[in-house]
Amino acid sequence: MDRPPLLKTLDRLEARLQEIPSEPGVYFMKDAQDCILYIGKSKKLRTRVRSYFRQIQDHPPRIELMVRQIVEIEFIVTDTEAEALALEANLIKQHQPHFNVLLKDDKKYPYLCITWSEDYPRIFITRKRRLGQAQDKYYGPYVDTYALRQTLRLVKRLFPLRQRPKPVFKDRPCLNYDIGRCPGVCQGLISPQDYRKVMQRVAMIFQGRTQELIHTLQPQMDAAAAALQFEVAARIRDQIAGLEKLGADQKVALPDDTVSRDAIALAADDHVACVQLFQVRAGRLVGRLGYIADSQTGSVGDILQRVLEEHYISAAAVEIPAEILVPTPLPDADILVRALSDRRGRKVTLICPQRQRKAELLEMVERNAIHELTRMQRVRDRNLQALQDLADLLHLPHLPHRIEGYDISHIQGSDAVASRVVFMDGVPAKQLYRRYKIKNPAVRPGHSDDFASMAEVIGRRFRDYSGADPKARVGDADWPDLIMIDGGKGQLSAVMSTLDQLNLQDRLQVVSLAKQREEIFRPGASLPLETRAEQPGVQLIRRLRDEAHRFAVSFHRQQRSERMRRSRLDEIPGLGHHRQRELLATFRSIDYLRDASPEQLAQVSGIGPKLAQQIYDYFHP
């Protein structure tokens with residue numbers, strides 16, 4: 001039996017509030033299904049939690065709705081407010097409560113990653129922030145992708161860094177070592193300790209500490225010159241010149257070069273809030289970061305507080321500025337300030353400037369946030385227009401929220417594969433993409449059958465829905481509003497025949513797009529729909545088709561490459577797939593494997609002297 005909300009059982013509510021201590025910690029609001037509605041923090045748990053149940057009609061509608069659903073309150077006590085801040089951030093990431101401010105991972109904003117978990121750390125740009133290794137460090141997300149790539153390109157010219165995740169050659173360094181771009185990591189020509197010292201200098205650039213790095217390098221250059229190590233001194237001189245050029249290329253310069261500060265502002269509409277954070281160090285803009293949040297999940301202060309916590313929770317102490325400029329007071333500003341001051345080891349100030357240069361800086365940040373919001377609104381309006389046009393064109397009962405596209409790829413039947421791509425509200429949802437290997441025995445090298453291949457894929461996609469109650473799919477996020485088949489009437493007929501066997505032919509909206517004339521066909525119609533190439537709905541279908549084709553071709557090339565790599569090894573007796581993988585992981589290619597001696601082959605895991613001699617004899621008959 002479901003328990004009633006606490007608002008309807010005031011005695012139980014008061015008893016529960018008395019159990020909550022007046023100490024720092026984190027609290028959980030749960031509903032009747034034991035799902036977490038909200039996670040919060042406070043320096044006095046009892047006072048904060050009690051405030052939710054006083055004058056609830058004065059709360060914002062979102063908070064009022066949440067309070068009326070609260071059935072249970074749990075808490076975790078911490079020693080300090082800083083611990084509560086860190087714990088809350090981790091728990092929000094883990095549980096993703098509906099009523100918390102959740103920052104979206106906008107794929108257009110890249111991060112820069114340094115893999116400190118490795119002996120020889122790599123540095124690269126990524127659009128996915130993977131937190132699998134706690135030692136790895138992510139900087140960003142950066143709004144100006146071009147500037148980020150230019151900076152990284154210059155850094156790799158100034159400092160000899162690891163260029164590849166895996167070595168090209170087994171027993172010698174590659175060309176990057178010869179031209180001074182790499183210190184010979186693959187052959188261990190530099191120790192991990194010395195290499196990490198170089199990488200620590202590089203990290204200072206992305207921490208906004210370029211001037212500090214220049215001041216560190218200057219005496220090293222003078223010392224090298226005094227010791228008559230002129231090549232070393234010249235290399236450091238070039239690094240200093242490059243770093244000074246990097247600082248000179250900044251577009252914004254402020255007269256106060258003694259204080260490091262961050263400025264944050266946002267612009268929001270009824271759907272989304274775009275947040276911009278500018279990092280100013282030594283009077284220059286060194287970083288421009290962007291975040292996106294659902295504007296319905298909280299007030300301006302709530303969203304800015306969540307962004308600052310998310311940004312600084314994993315930042316190093318040297319990355320925390322002395323001043324943070326905000327446009328409005330934050331709900332838990334005191335907790336944030338104390339936590340950041342403890343992390344930094346020096347005082348951190350949170351300021352709401354009203355005039356002069358600081359207010360002008362904050363106004364500039366807000367203008368950039370408005371421009372970003374305007375851009376997102378244009379994209380959203382364009383997608384909405386395309387979805388509406390497509391719904392009108394196909395006479396759909398509502399806008400197609402989820403559209404799936406399918407394509408087949410092969411070369412005369414060999415390595416036949418298929419792809420499924422998904423667009424959600426007109427935007428690619430790559431986490432929902434799927435790849436299929438065609439299992440039909442009739443599809444083999446020299447004999448292709450696109451009709452049978454497409455029918456097989458559709459059958460595998462929807463076989464679990466065969467015979468299911470249509471009402472059971474209400475609200476099913478995995479059910480498509482529209483299916484697009486790459487092909488003509490033949491592929492469409494094969495798909496509809498399969499759906500007919502599954503008793504789904506009347507429950508799915510299906511169209512096909514023929515390549516030659518870009519014609520759209522509906523089931524049962526002999527003629528294509530009358531369309532114009534410039535129609536927004538047609539352009540959306542074509543983008544979906546192109547993405548399905550790209551995804552299928554990339555998977556086909558991957559399968560073909562693996563088959564070609566393994567084809568010769570399959571002819572060696574006693575060499576199974578596991579041992580083949582070990583050999584290719586060690587030697588990287590058939591060419592290097594062929595040049596290896598029996599002794600080198602025998603060092604691979606699972607390859608004994610006898611099998612090593614057989615492999616050598618196969619390549620050297």
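Residues numbered from 1 in each chain as written. Predicted model: local features only at pLDDT ≥ 70, side-chain atom pairs only at ≥ 80, totals over all residues. Heavy atoms only, no water.

Turning our attention to the overall build of the protein chain. Tallying secondary structure elements over the protein chain gives 19 helices and 19 strands in all. For the protein chain, the C-alpha atoms occupy an extent of roughly 80 × 75 × 50 Å along the three principal directions. Counting the 621 residues in the protein chain, one finds 47% classified as buried. Nonlocal contacts in the protein chain, meaning residues at least 24 apart in sequence, comprise 63% of its contacts between residues at least 6 apart. (Helix = DSSP H or I, 4+ residues; strand = E, 2+ residues; numbered from the N terminus. Buried < 20%, exposed > 50% of the residue type's maximum accessible area, 1.4 Å probe, protein only. Contact = heavy atoms within 4.5 Å.)

Our next topic: a positive patch on the surface. There is a patch of like positive charges on the surface, built from Arg127, Lys128, Arg149, Arg153, Arg157, Arg181 and Lys430. Relative to the helices and strands, arginine 127 is located in the loop between strand E6 (123–126) and strand E7 (137–139). (Patch = residues over 30% accessible without salt bridge, like charges linked within 9 Å, V, L, I, M, F, W, Y side chains within 5 Å. Areas by Shrake-Rupley, 256 points an atom, 1.4 Å probe, with all protein chains shown as cover. Salt bridge = Lys/Arg side-chain N within 4 Å of Asp/Glu carboxyl O. Lys, Arg positive; Asp, Glu negative; His and termini not counted. Charge placed at Lys NZ, Arg CZ, Asp CG, Glu CD.)

Viewed as axis vectors pointing N to C, helix H10 (residues 300–312) and helix H11 (residues 333–344) meet at an angle of 15°, and their least axial separation amounts to 11 Å. By the criterion of interaxial angle, the relationship of H10 to H11 is roughly parallel. Taken as a pair, H10 and H11 cross one another with a handedness that is left-handed. Between H10, through Gln305, Leu308, Glu309 and Tyr312, and H11, the contact on the second element is made entirely by Ala333, Leu336, Leu340 and Arg343. Of the residues belonging to the contact of H10 with H11, the class tally is five nonpolar, one polar and two charged. (Axes fitted to C-alpha atoms, helices over the stretch in contact; angles between N-to-C directions. Parallel < 35°, antiparallel > 145°, perpendicular 65-115°, else oblique. Left-handed = near helix turned anticlockwise from the far one by under 90°. Nonpolar A, V, L, I, M, F, W, Y, C, P; charged D, E, K, R; others polar.)

Here the protein chain shows a mean pLDDT of 83. Residues at 70 or above account for 93%. Predicted confidence in the protein chain is weakest over strand E4 (residues 103–104), with a mean pLDDT of 68, and strongest over strand E16 (residues 434–437), with 93. (pLDDT = per-residue confidence, 0-100.)

Now for the sheet that holds E6. Two orientations exist for strands paired in a sheet by backbone hydrogen bonds: parallel and antiparallel. The three strands lie next to each other as E6-E5-E7, forming an open sheet whose pairing is antiparallel. The sheet is open, and its two borders are formed by E6 and E7, each paired with just one other strand. Between one strand and the next, the sheet's axes are offset by a mean angle of 25°, whatever the strand orientation. Sheet topology note: the strand E5 (residues 111–114)/E7 ladder contains three bridges and is antiparallel. Within E7, the residue paired with cysteine 113 across the bridge is tyrosine 138. Helix H5 (residues 145–158) rests against E5 and E6 of the sheet, and its axis sits at about 165° to E6. (Pairing = 2+ DSSP bridges.)

Let's shift gears to the environment of arginine 594. Tracing the backbone through its elements, the reader meets arginine 594 in helix H17 (residues 590–595). What makes arginine 594 partly exposed here is its relative accessible area of 27%.

Next up on the list: the packing of aromatic side chains. The final tally for this structure, using the stated rule, is ten aromatic pairs. Taken together, Tyr27, Tyr38 and Tyr52 form an aromatic cluster joined through their ring pairs. Stacked on the ring of phenylalanine 462, the Lys or Arg arginine 461 has its end atom at 4.5 Å from the ring centre. (Phe/Tyr/Trp six-rings, centres within 6.5 Å; stacked < 30°, edge-to-face > 60°. Lys NZ or Arg CZ within 6 Å of the ring centre and 35° of its normal.)

Moving on, we come to the sheet that holds strand E2 (residues 36–42). Taking strand neighbours across the sheet as the criterion, the three strands line up as E2-E1-E3 in an open arrangement whose pairing is antiparallel. Two strands lie at the open edges of the sheet, namely E2 and strand E3 (72–77), each paired on one side alone. Neighbouring strand axes in the sheet, compared pairwise and without regard to direction, differ in orientation by 20° on average. As judged from the six bridges shared by strand E1 (residues 25–30) and E3, these two strands associate in the antiparallel manner. The partner of valine 26 across the bridge, within E3, is isoleucine 76. Helix-sheet contacts for helix H4 (residues 81–95) involve E1, E2 and E3, and the interaxial angle to E2 is about 165°.

Phi angles above zero are rare outside glycine, and glutamine 96 is one such case at about 50°. Relative to the assigned elements, glutamine 96 resides in the loop between H4 and E4. The residue histidine 395 is not glycine, and still its phi comes out positive at about 55°.

The tally for this structure, following the rule as stated, stands at zero disulfides. Not part of a disulfide, cysteine 174 finds its nearest cysteine sulfur in cysteine 186, a span of 5.9 Å. Assessed through its relative accessible area of 15%, cysteine 174 is described here as buried. (Disulfide = S-S within 2.5 Å.)

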